[in-house]
Amino acid sequence: MNEIILAADAASKFEGFGTIGYGLAAIGPGIGIGIVAGKTVEAMARQPEMAGQLRTTMFLGIAFTEALALIGLVAGFLF
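Since we're looking at a predicted model, the values are computed, not measured.

Observations regarding the overall build of the protein chain
Helix and strand counts for the protein chain stand at three helices and zero strands. Counting helices and strands in the order they occur from the N terminus, the protein chain gives α-α-α. Counting all 79 residues of the protein chain, 11% fall into the buried class. By element, 73% of the accessible surface of the protein chain is carried by carbon and sulfur atoms, the whole surface being about 6,100 Å².

Set out below in C-alpha cells:
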C-alpha cells in the first residue's frame, strides 16, 4: 500500500511539465511563421505582379506551420 502512495506522490511532482513543453513547442511555429511572412514580403518586393499568388501560398504555409502549434498543444495535454 505504501508503494502506491509513494508512486502517486512521485507522479504528482511532474504536473507542470506539460505547459513547459507546450511553451517550447510554440517557439518553432513562431519562428516558422516569421520566416514564411518575411520571405513572402521579400518576394513581393522583388516581383510585385506575383503578390496575389504569393499571398495565397503564404497563408497556406502559415496554416501548416500553425498546425504544428496545435499538435504541440494536444501533445502537452496527452503527456
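After that view of the structure, there is still more to cover.
Overview of the side chain of Thr40
When you line up the elements, Thr40 lands in helix H2 (residues 17–46). Residues in contact with Thr40, not counting those within four places in the same chain, are Leu54 and Met58.

Some thoughts on the UniProt feature "transmembrane region" (unreviewed entry) in the protein chain
Summarizing the sequence annotation, UniProt attributes the feature "transmembrane region" (unreviewed entry) to residues 20–38 and 59–78 in the numbering used throughout. The distance separating the terminal C-alpha atoms of residues 20–38 is 28 Å; by composition the span is 100% helix and 0% strand.

Let's talk about a nonpolar patch on the surface
On the surface, a nonpolar cluster with roughly 620 Å² of combined accessible area is contributed by Phe17, Ile20, Leu24, Ile27, Ile31 and Ile35. Relative accessible area serves as the criterion here: at 57%, Leu24 is assigned to the exposed category.

What to know about the pattern of salt bridges
One pass over the full model with this rule turns up two salt bridges. Note that Lys39 and Glu42 form a salt bridge whose closest N and O atoms lie 3.9 Å from each other. Residue Lys39 and its partner Glu42 are both found in helix H2; the two are separated by three residues, about one turn of the helix. For Glu42, a relative accessible area of 36% corresponds to the partly exposed category. Here Glu42 makes a salt bridge to Arg46, at a shortest N to O gap of 3.5 Å. Note that Glu42 and Arg46 are positioned in helix H2 at a spacing of four residues, about one turn of the helix.

Calculation notes
- Residues numbered from 1 in each chain as written.
- Predicted model: local features only at pLDDT ≥ 70, side-chain atom pairs only at ≥ 80, totals over all residues.
- Heavy atoms only, no water.
- Helix = DSSP H or I, 4+ residues; strand = E, 2+ residues; numbered from the N terminus.
- Buried < 20%, exposed > 50% of the residue type's maximum accessible area, 1.4 Å probe, protein only.
- Areas by Shrake-Rupley, 256 points an atom, 1.4 Å probe, with all protein chains shown as cover.
- Contact = heavy atoms within 4.5 Å.
- UniProt positions renumbered as here; feature names shortened; annotations may be inferred.
- Patch = residues over 30% accessible without salt bridge, like charges linked within 9 Å, V, L, I, M, F, W, Y side chains within 5 Å.
- Salt bridge = Lys/Arg side-chain N within 4 Å of Asp/Glu carboxyl O.

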